[in-house]
Each structure stands twice: as structure tokens, then as C-alpha cells.
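Chain by chain, the residues:
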Amino acid sequence: MKTLRTMLITLGALLIAAHPLVVHAEDITLLNVSYDPTRELYQEFNAAFAKHWQKEKGQTVVVKQSHGGSGKQSRAVIDGLEADVVTLALAYDIDAISEKAKLIPANWQSRLPQNSSPYTSTIVFLVRKGNPKGIKDWEDLVKPGVAIIPANPKTSGAARWAYLSAWGYALKKYDNDETKAKDFIGRFYANVPVFDTGARGATTTFIERGIGDVLVGWENEAYLALKEFGAGKFEIITPSISILAEPTVTLVDKVAKKKGTQPVAQAYLEYLYSEEGQDIAGKHFYRPRSEAALAKYANQFSKVSLFTIDEIAGGWQKAQQRHFADGGVFDEIYKPK
Amino acid sequence: MRKSWLFGGVLVFTSITLGLAARAHAEEGGPSQKSLEQRFDELDQEIRILKRKRELDQEAAENAKKATPIVKYSKSQFSLESADGSNFIRFRGIVQADHRLYFDGANDIRNRSDQRAGDLDVNGFHDAGDSWLIRRARLDIETTLFGKYDFRITTDFAQGTASVAYAYLDARFDPAFKIRAGKFKSFVSLERLQGASDIKLIERSYVANALLPNRDLGIAAHGDLAFFQGRLDYAFGLVNGVSDGGDISTGTEFDGRKEFTGWLFATPFVNDTSVLSGLGFGAAATYTDASGERNLNFTDTTPADATRNGLPSYRTDGQNTFFRYSSAAVADGARIRVSPQAYYYIGSLGILAEYARVIQDVSLTTGGSPPAGGAGSNTSFIPNTGKALRHQAWHVTVSYLLTGETASFKGVKPSQNFDFGKGWGAWEVVGRYSEITLDEDTFKDPTGTSFTGAYANLSESAQRARSMTLGVNWYLNQNLRAAVNYSETRFDGGAGDGVAPINAAGTNVADRPDERAVLTRLQFAF
């Protein structure tokens, strides 16, 4: 008994000594691991959600952000980066977290509306003022002498969407003749002078370093560049058809459960579908899902005929195996210069 | 006027001629203004592309560097480290190959019942045997995670079987506040806290080896604080508690109670450049209150296993046992240790001094199974036999580096490594006086009137040992060291008349023969 008392006193003394090290229990910190171009979107959304949560629950939420190439971010989570939520460029990267790290159930995509994709985007072209090379559609990007700047599809989510957009265009143009589509894609990537690993890097190459005639990338990134660097320098060209890009989001169940942040992390993702969340998405040039927000921002987006990944590649798993895995179509057609 | 018309006409003619010539040249395939601009743009793009590629290559190299573990292999360590330095694993090791040479007279405890090596001589001793031995063979694995959580496990293979020398976690929340838990050196003896590869003589003194605790299991808060121009190291621990000089080998403590340890050590001028910069002083203490009830279980074990009754045995510099308690004695009550300690290093000179006093409550028991085994009878305390015994020890160790290196509490770095004709490594001479004195009451019965029925037998165990040790260390390099020590120890008590048992008056007690030993060591540590 005396020993027990002694141990309790010692433990108490140690706890008192360690008191300053204890984090204020009422603050909640979430980590959102996302891809490159969503920095600005989530800066505004995080502030809006924190305000909403404070009002609803009286708790302070701080959402930390981590950005990088979508595939790279996925690997970081698999390797132990403790994300409460992931908001990545493509579902395949979240599937990888589910399969390799078992942090997320396999049916994650059915847990939120619209296949867990609260906003969409597509692939467009950004050209220099006056469109000196006369770029109008995908066909123009494979002409000799045209330098195009997409990111590397091996490392970038946006680049995979861009690749599949070009592939989808070629399939439609050549009546699903894959040989001709491969030839088209081969000529497309033969016109790439520099390969960046991520979408934000490709934007830097095109805009800040002044390289190439066309930036092939996210629609939201193109509009953001136009807004930041001035419409007088660049123009957006919307091709005749492009892909419906669906960035996806999900809770990282095991991490959130361990950290005790599951309810707030889930609410965070659901808030992306709220009117405020949708409005913020539209404001940052993502295509909102809600009719009201879509209508509000309709004028900022050009009309484009969109096809889905299922239509042209049978979904992400098949697309990955067929095109981007080692020995896939991309490895076949692309030879580094 | 006519001249000006003439000049104008020539100019127009020349211009027309040159223009026609340029046009004719362009039509013949020469570069037009437009194609020159185009070529310029193309070259500009090529330069930009090359620059960007270089930029991307550099970024890729930087990123690869951030993610690439660093492998370090140097004379002091082999480690794998994450690029940001916050995680690493380090491998270290030490091997000490010793030889012990004894001159006539170096003995084990007199009249031992288990004759371990040969017959006893006429005085009840057998001479200690010369031997080669591996004193330490340790592999040390140290890991740091997130820059602040250290884990260390050290396995010692020297005894022929693997044993865990250290296994602890150190959480470094702040330099001023760290928590260590597991098996570690108790923060008590200064000489003990000095690394096994750094101690100046082959064996530690009576203070560290005999009276103060070695490694124990438990938890300790420790750290260092600003103090004058230097710092104050502190440590407060709660451990199982081991007997004097003890090294806990299992998770079982003697009676379920814990021992408190406290240690303060100041180096107030360590950041100065004055002559006091190498001065450090402090004090340590331990306290436990051990009921002897559970120790009764261990009193019928062999005499060689003397520490299992909660009481220690003590050994000489030559590692021969010169004192052990009676098998009827058990630790029963409080045990308090105090130890003032200091060191001073200046230039090549180093001095380390330490004193220790232990107050050990003991009682006598009766019964139990006889040493040879058998049923025996229940063990019980003999009433009114409790006594607080006061033992003390001290030492002063002086070292001097003949080759001019700077002395310190840590190891020696030779200014030049040994290489025939090029360098002789570092040479150091060391001297130590160390003595231990046991309470006179230890050797008398509880009433203090008879030498029989005592807590220890004065004709078998010495009451005092005084050792003078001289040594030479040769540091061939930072990793390799050769050492030779000569040690001479004199005793009070510890022997008798032939093999006759001690009489009640203690008139047939003699001094144990002097121990003279030469200890040598070849040490490799990395």
C-alpha cells in the first residue's frame, strides 16, 4: 500500500512537471493531404469550415494542409503521413491507400455523394496571348513545331487526366482504333520539351519560365493563372471534347479513429457539399456539383463536351494498368529526349 | 546646290542598289528578317528548356537527397540516418580481452564450503587462478525517432550467454526534462556513469564496484539546467533497488518496494575558459526500506549466491571476493546511501574522487535448509537481531596524459594514431588509492559481545581493504587501447588460525594475505 502511494505521488509529480507539454485539449487539428493545385481552394474552405464548426459545436478546428503531386501524396500517406482526410486528384491514388495501407475501406467512394467527388474539373489549354500557333483543338497539339507542356503522367494526377483526355479524343477521332490512338498519343508526347512531375510545376514552366506554346492541364489551374498573371498575357482554349475529371475525397478512417477526429473530419468532407463549400469550389474555378453554384459560375466555364474515364478506359484501375503501369502504353510511346 | 543634288542622287542610287541586292540575296536563300527572328526564338526556347531541365534535375536531386538515408561509417560509429537527421539507428560495440595474473597470496573467501577450484590450503584458502577472460563483449544498438525518442539496447555476450546490459527508452522532451525508463545505470556513482570504455583503470573502485548501485530497472526524470556560467545535471529515479554494487538481472526486486535515487552534479564553469572550467562536483543518494520477510526465501541458497538475501558481497581490485555476509543475515529495513563526488580536469591532468557511505539494516535468521540441501526447517527471524551497519569507501584517481592530449570525463582522442615511425598514439599514467571500511558491528553478534553468531565472520571476511593501483594506458587510436594495471591490496581481518573457526573472543583472527595482481586489457571499442 505504501509502495502504491509512493508510486502515485511520483506519477503525480511527473505529470505536474510535464503539464506545459500537454496540448490544449479543446483544439482539434486535422490534416488534409491534397494535390498540387488545391492550395488556394482549401485555404479558403478551411477557414469557412472552422468558422462553421465553431458556430455549430463551439470547438476550434485547425486544418493543416499538405500539397504535392497526387501520387506522391498518396505514397506519403501509405508511408505513415497521418492524414485525417485525403482530397486527391484521382480515385486511383485513394484506392492505393485503401489497398496498400488498409487505412480506408474498399467501398470508400460510395460513402459520399457523387462518387465522393464534390467538385469536378476538366483539361483545357492555356496559350500565349494571340495564340501564335493557332491552337484550337487536340489535333493542333500534335503538329510538328508545337511545344506542349503537360506534367508527367507517371507522377502527376493532372497529367493522367490530360493523357486520358488526349487518348479519348483520339479514340473518338479514329473510331476506337487503338493503333491510331497510340500513334496520336506518341506524336502528342513527342512535342513535350520538358516534363514536370506535378501540375503546379508545369504551370511554372509555361508561365514563369516562358517555355512552350501550350499548357495542357487543369481548367481551374488555367483560370487561376489567368487571374494571377493577367488576361493580357495568356488565353484559355477549350477543346471540342475533354474528360470529366473527378477529384475525390475521403476520410482516412484508421488515422481519424486513432486521433479521435472522426466526427469532425467526416463533417469537414460533408461540408464540401454544402452551399458554402460548393460556392468556394466555384470561386476557385472548380465546377461545382450543386445546381445553384453551377448556375452561379456557369459563365466562367466554356461549353465543352465531356466524356468519362469509364467510357474510354473502363475506370481508373484498368486505365492505370493499361496506360501508366510500368510497360504500359505510355512507356511504349514515350521515349525521353 | 548642285553638289547637294549630286550627293542626294548618289545616296538614292546606293540605297536602291543595296535594297535590290538584299532582295536578290533573300530570294537566293539567305536569311530574311522573319526567319532570323524565328531562329532567335527557337534558340531562346532551347536555352530556356535546358535551363528548366537543369532546374528540374536539381529539384529532383534535392528531393532525392531529402528522402535518401545517410549511411555513416566512421571510427566512432556505424549508423543509418534519415535525411533530416530526426531518425537514426547506430551500432556500437566494445570488446575487452583481459588477463589476470596473481602473485601468491591472492585468494578467495576463506573456508568456503563449495571448493570451486582445487583443494583449500592449510589456511582455508585457495590461490586465485591466473586467467584470460572476455570482460565485456557488447553490441549496442541505439535508435532515435522523431529527433527526441531514444531507445538503447545493449547485449553482453561476455559471460558465454547473452544478457541484457541496457534496455531503455529516453524521451527527451526538453534538455531540462527527460524521462528514462527500462534498465539503465542508476544515476548515483560518478565513476559508474563514466563509460566502460572510458574508465581509467581496468576495474572501478570500491565506491562504484562495492557500495553504490550499478544498473537497475525503473524510471528516472533527468536533465540539465543552466547554473552560473555552466550547468546543473539532475536525476531523480524510482527503481527496483539492487544491493550494493548490484546489477539487476531480472525484473524481480527483493521485497516489492522501490528505491529512490537522487543525483545532482554541477559544472558551474564548464562554459568558461578559466582554470575552473573542468571542475564538476555533486552528490547522490538512494533510499529504500526493505522488509526482510521476502529475503528469507533466499537464505538457503549457496554462499556463492550471497546477494540473493538482499545483501552484497564485496570484491577486491583483482576481483576476488574478500567479504560476504553470513548466510543467516538478511537485508531487513532501510538502506541509505550517500555519495559526494567530484572531478577536475585541466590540461592533461584528470582527478576523480568519490566517497560513499551506506547504512544497511540487517537481521539474523534461523532455520532453512542446509547448504547441502535437504528438508531443513522453516526460516524465521531471530528476535532482537536487527542492526544498522555503516560501511564506507572512497577513492581518488589521478590520471595524466604524457603525450599532451586533453584529459576529460569521456574517452581519450590521441593527437596522433599509432603507426610505426610516424606516431605513438596517446600514453597515459594513472594512479588510484581506494579503500573500503566495514562497520565493526558487522563482525559481532547482535549484542556486540561475541565474534561468533555475527552478521559476517571476521576470520573469513575482511573488515577493511586498502588498494593502491597503478596503471598505464596506451591508446593506439580512438578505438584501440591497451592497458596494464598493478594492484596491491591490504586487509584487516579475513583470515584465521589454519582452518579453525573464529572463537567468541576473536583472538584467532588474522589478516588476509595481501593481494597483488597484474591486470592487462586489450580493448576495442567503436
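Residues numbered from 1 in each chain as written. Chains lettered and ligands numbered in written order. Predicted model: local features only at pLDDT ≥ 70, side-chain atom pairs only at ≥ 80, totals over all residues. Heavy atoms only, no water.

### Section: the pairing of strand β2 (residues 78-81) of chain B
Residues and elements named next belong to chain B. The alternating pattern of β2 places Ser79 and Glu81 on a buried face and Phe78 and Leu80 on a face that is not buried. Examined bridge by bridge, strand β1 (residues 70-73) and β2 share four bridges and lie antiparallel to one another. When the bridges of β2 are listed, tyrosine 73 appears paired with phenylalanine 78. Relative to strand β3 (residues 88-102), β2 is paired through four bridges, and the arrangement is antiparallel. Pairing of glutamate 81 across the sheet is with phenylalanine 88, part of β3. Following β2, the chain reverses through six residues before pairing antiparallel with β3; glycine 85 in that reversal takes a positive phi of roughly 80°. (Buried < 20%, exposed > 50% of the residue type's maximum accessible area, 1.4 Å probe, protein only. Helix = DSSP H or I, 4+ residues; strand = E, 2+ residues; numbered from the N terminus. Pairing = 2+ DSSP bridges.)

### So, the packing of aromatic side chains
Under the defined criterion, the tally for this structure stands at 50 aromatic pairs over all chains. Relative to Tyr268(A), the ring of Phe49(A) has its centre 5.3 Å away and its plane inclined at 85°; by these criteria the two rings are edge-to-face. A residue pair is termed long-range when its members are at least 10 positions apart, and Phe49(A) in helix α2 (residues 39-57) and Tyr268(A) in helix α12 (residues 262-271) qualify at 219 residues. We note that Phe49(A), like Tyr268(A), is buried. When the ring of Phe330(A) is compared with that of Tyr334(A), the centres are 5.3 Å apart and the planes differ by 15°; the resulting orientation is stacked. With respect to class, Phe330(A) is no different from Tyr334(A); both count as buried. Ring pairs connect the aromatic residues Phe125(A), Trp138(A), Tyr163(A), Phe188(A), Tyr189(A), Phe195(A), Phe324(A), Phe330(A) and Tyr334(A), which therefore count as one cluster. Here the guanidinium or amino end of Arg160(A) rests over the ring plane of Phe324(A), the centre of that ring lying 5.6 Å away. One Lys or Arg, Arg512(B), reaches over the ring of Phe491(B) and ends 4.9 Å from the middle of that ring. (Phe/Tyr/Trp six-rings, centres within 6.5 Å; stacked < 30°, edge-to-face > 60°. Lys NZ or Arg CZ within 6 Å of the ring centre and 35° of its normal.)

### Let's talk about a positive patch on the surface
Taken together, Lys72(A), Arg75(A), Lys100(A) and Lys66(B) make up a surface patch of like positive charges. Taking the relative accessible area as the measure of exposure, Arg75(A) reaches 46% and is therefore partly exposed. (Patch = residues over 30% accessible without salt bridge, like charges linked within 9 Å, V, L, I, M, F, W, Y side chains within 5 Å. Areas by Shrake-Rupley, 256 points an atom, 1.4 Å probe, with all protein chains shown as cover. Salt bridge = Lys/Arg side-chain N within 4 Å of Asp/Glu carboxyl O. Lys, Arg positive; Asp, Glu negative; His and termini not counted. Charge placed at Lys NZ, Arg CZ, Asp CG, Glu CD.)

### Side note on the confidence of the model for chain A
For chain A, per-residue confidence averages 89 on the pLDDT scale, and 91% of positions sit at 70 or higher. The low-confidence segment residues 14-25 of chain A, where pLDDT is below 50, has eight contacts with residues more than four positions distant or belonging to other chains. (pLDDT = per-residue confidence, 0-100. Contact = heavy atoms within 4.5 Å.)

### Here's the deal with the sheet that holds strand β1 (residues 27-35) of chain A
Residue and element names in this part refer to chain A. Spatially, four strands are ordered β2-β1-β3-β10 in an open sheet, and the strand pairing comes out mixed. The open sheet has two free edges, formed respectively by β2 (60-68) and β10 (248-251), since each of these has just one partner strand. Each adjacent strand pair in this sheet contributes to an overall mean axis angle of 20°, direction not counted. Pairing between β1 and strand β3 (residues 85-88): three bridges, direction parallel. By the bridge assignment, valine 33 is partnered in β3 with valine 86. (Axes fitted to C-alpha atoms, helices over the stretch in contact; angles between N-to-C directions.)

### As for helix α4 (residues 91-101) of chain A
Residue and element names in this part refer to chain A. In terms of burial, α4 is a largely internal element, eight of the 11 residues being buried. When we look at burial in α4, the residues that qualify are Ala91, Tyr92, Asp93, Ile94, Asp95, Ala96, Ile97 and Ser98. Looking at the buried side of α4, the elements it contacts are α3 (70-78), β3, α7 (157-173), β10 and α16 (316-324). After α4 finishes, the residue lysine 102 shows a positive phi value of roughly 55°.

### Observations regarding the pattern of salt bridges
On inspection of all chains with the given rule, the structure shows 48 salt bridges over all chains. The partner of Glu139(A) in a salt bridge is Lys173(A), and the shortest N-O contact between them spans 3.0 Å. Taken together, the residues Glu139(A) in helix α6 (residues 138-141) and Lys173(A) in helix α7 connect sequence positions 34 residues apart. Taking the shortest distance from any N to any O, the salt bridge between Asp156(B) and Arg138(B) comes out at 3.0 Å. Taken together, the positions of Asp156(B) in strand β5 (residues 149-156) and Arg138(B) in strand β4 (residues 131-145) put the pair 18 residues apart, joining distant regions of the chain. With a relative accessible area of 12%, Arg138(B) lands in the buried category.

### Overview of the nonpolar core
Core analysis: the largest hydrophobic core is formed by 90 residues, its most contacted members being Trp138(A), Leu164(A), Tyr189(A), Val216(A) and Trp316(A). By residue number, the principal contributor to this core is α7(A), which donates 10 residues. When residues no more than four places from it in sequence are discounted, the contact partners of Tyr189(A) are Pro150(A), Pro153(A), Ala159(A), Tyr163(A), Phe195(A), Phe330(A), Ile333(A) and Tyr334(A). With 51 residues, the next largest nonpolar core counts Ala165(B), Leu212(B), Ala331(B) and Phe409(B) among its residues. (Core = buried A, V, L, I, M, F, W, Y, C linked by side-chain atoms within 4.5 Å.)

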